[in-house]
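A structural walkthrough
Spelled out, the chains give:
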Amino acid sequence: MLRSALAFLVLALFGDPAGAADQLNVVATFSILGDLVTNVGGERVNVTALVAPNGDAHVYAPTPADSKKLAAAAIVFSNGLGFEGWIDRLVKASGTKAATVVASKGVKPRTEDDDHGKIDPHAWQSVANAKIYVGNIRDALIKADPPGKDAYDANAKAYLAKLDALETDVKKAIDSIPRERRKIITTHDAFGYFGATYGMEFIAPQGVSTDAEASARDIAKIITQIKRQKVPAVFLENVTDDRLLRQIAAESGAKIGGKVYSDALSDAGGLAATYIDMIRNNIRQFTAALVS
Ligand code: ZN
């Protein structure tokens, strides 16, 4: 009794570090989006990301705990473009009254190059697109929490300036790579928007999702392509199994160019704990392997 009264007093005086009562509870479907929302929301917002760092959102199976998080949220942010095939059912099952916001709204969708014509969901890999996400996040937070307008506007403005600086560095990094070496293999096709925006060719045995395995024919085709086009390096991803790419590297003679982050951030202590660190890590890996 005394203990709970004390706990109440402490909470009342100092607030709950896990999410103060006056904070807006919001959910983001995955860690990269969670970081963008955190940067715009600042101290007014308590952000929960459903798919953990290094997790694969394509094949995620939501839990009953996720349902509770949605029920307690004022806004549910998703990427859209078919990334989270499970989100609509989860929203429905949770009975949440939250506003559902598709952060990629306004991005020009890219379709997969091959015959399937599937929409590529990985729009955040282009920093130019991430700026569109930030605008959508800001507008949604203001709508849900009008007294926070000045704070959200200021946070978004400061963060957009950081993204501008980041994008300048991305372009410089790509410029430093000889044109004929701007070719990269990754396990799944997650860098199409990056490639289209900044001028780099990405080739992947798996398509724009991780839900289907690459066929023996796809793998053989890529090995031939690496040899013919002299693709210098293959890159491991934090969300996919390394074995396929290690096999492709061994059979094609391409070198392994390190680990890149495609669909999820790293743990807090890792090389890609924020969106900005993720992009910086990836361009560092690309240039280290491709600048000769
Ligand atoms: Zn992906």
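What you see is a predicted model, and the numbers here were worked out from it, not measured in a lab. (Residues numbered from 1 in each chain as written. Predicted model: local features only at pLDDT ≥ 70, side-chain atom pairs only at ≥ 80, totals over all residues. Heavy atoms only, no water.)

Further remarks concern the packing of aromatic side chains. Counted according to the given criterion, the structure contains eleven aromatic pairs. Between the aromatic rings of Phe194 and Tyr198, the centroid separation amounts to 5.2 Å while the plane-to-plane angle is 65°, which identifies the pairing as edge-to-face. Taken together, the positions of Phe194 and Tyr198, both in helix H7 (residues 192-198) and four residues apart, correspond to about one turn of that helix. Its relative accessible area of 2% is what places Phe194 among the buried residues. (Phe/Tyr/Trp six-rings, centres within 6.5 Å; stacked < 30°, edge-to-face > 60°. Helix = DSSP H or I, 4+ residues; strand = E, 2+ residues; numbered from the N terminus. Buried < 20%, exposed > 50% of the residue type's maximum accessible area, 1.4 Å probe, protein only.)

Once that is clear, we can look at the sheet that holds strand S9 (residues 233-237). If you walk across this open sheet you meet the four strands as S8-S7-S9-S10, and the pairing is parallel. Among the strands making up the open sheet, the edge pair consists of strand S8 (201-203) and strand S10 (255-260). Pairs of neighbouring strands in the sheet enclose a mean axial angle of 35°, with direction left out of account. Judged from the three bridges that link them, strand S7 (residues 183-186) and S8 form a sheet pairing that is parallel. Paired with Ile185 across the strands is Ile203, a residue of S8. Sheet contacts for helix H9 (residues 243-252): S7, S9 and S10; angle to S9, the most-contacted strand, approximately 170°. Running over the sheet, helix H10 (residues 275-290) touches S7, S8, S9 and S10 and is turned about 170° from S10. (Pairing = 2+ DSSP bridges. Axes fitted to C-alpha atoms, helices over the stretch in contact; angles between N-to-C directions. Contact = heavy atoms within 4.5 Å.)

This next bit is on the layout of surface pockets. Considering only enclosed or pocket space, the second largest pocket measures out at about 280 Å³ in volume. Taken together, the residues that form the lining of the second largest pocket break down as five nonpolar, four polar and five charged. (1 Å grid on protein atoms, 1.4 Å probe; cavity = no way out; pocket = protein on both sides within 12 Å on 5 of 7 lines; lining within 4 Å. Points joined across faces, edges and corners; volume = space filled by probe spheres on them. Nonpolar A, V, L, I, M, F, W, Y, C, P; charged D, E, K, R; others polar.)

The coordination sphere of the zinc ion, as far as protein atoms go, consists of His58 (NE2), His122 (NE2), His188 (NE2) and Asp263 (OD), spread over 1.8 to 2.0 Å. Coordination geometry of the zinc ion: the four donor atoms subtend angles of 94 to 118° at the metal centre, consistent with an arrangement described as tetrahedral. Sequence spacing of the donor residues for the zinc ion, all on one chain, is H-x63-H-x65-H-x74-D. With a gap of 75 residues between them, His188 in the loop between S7 and H7 and Asp263 in the loop between S10 and H10 connect regions that are remote in the sequence. His188 gets classed as buried once you look at its relative accessible area, which sits at 0%. Relative accessible area serves as the criterion here: at 0%, Asp263 is assigned to the buried category. (Donors = N, O, S within 2.8 Å, 3.2 Å for Na, K, Ca; no water. Tetrahedral: all angles 85-135°; square planar, octahedral: opposite > 155°, others 65-115°.)

Where burial is concerned, most of helix H2 (residues 31-41) is hidden: nine out of the eleven residues are buried. All of the buried residues along H2 are Ser31, Ile32, Leu33, Gly34, Asp35, Leu36, Val37, Val40 and Gly41. On its buried face, H2 sits against strand S1 (24-30), strand S2 (45-51), strand S3 (75-78), helix H5 (127-144), helix H6 (149-175) and H10. Remark: Gly42 follows H2 within two positions and exhibits a positive phi of approximately 55°.

Before going further, it helps to spend a moment on the pattern of salt bridges. Tallied over the entire structure, the rule returns twelve salt bridges. With a closest N to O distance of 2.5 Å, Arg110 and Asp120 form a salt bridge. Of this pair, Arg110 sits in strand S5 (residues 110-111) while Asp120 sits in strand S6 (residues 119-120), and the two are ten residues apart along the sequence. Here Arg110 falls in the buried class, since its relative accessible area comes to 15%. (Salt bridge = Lys/Arg side-chain N within 4 Å of Asp/Glu carboxyl O.)

A word on the side chain of Ser252. As for its placement among the helices and strands, Ser252 is situated in helix H9. Polar contacts involving the side chain of Ser252 include one to the main-chain carbonyl oxygen of Ile248, which spans 2.7 Å. Of note is the side chain of Ser252, whose polar atom sits 3.2 Å from the backbone nitrogen of Ala254. With residues near it in sequence (within four places) discarded, Ser252 still touches Ile223, Ile226 and Lys227. (Polar contact = N/O pair within 3.5 Å; in protein donor to acceptor, adjacent residues only side chain to side chain.)

Assessed through its relative accessible area of 12%, Ser252 is described here as buried. For the pair Ser252 and Ala173, spaced 79 residues apart in the sequence, the C-alpha separation amounts to 26 Å.

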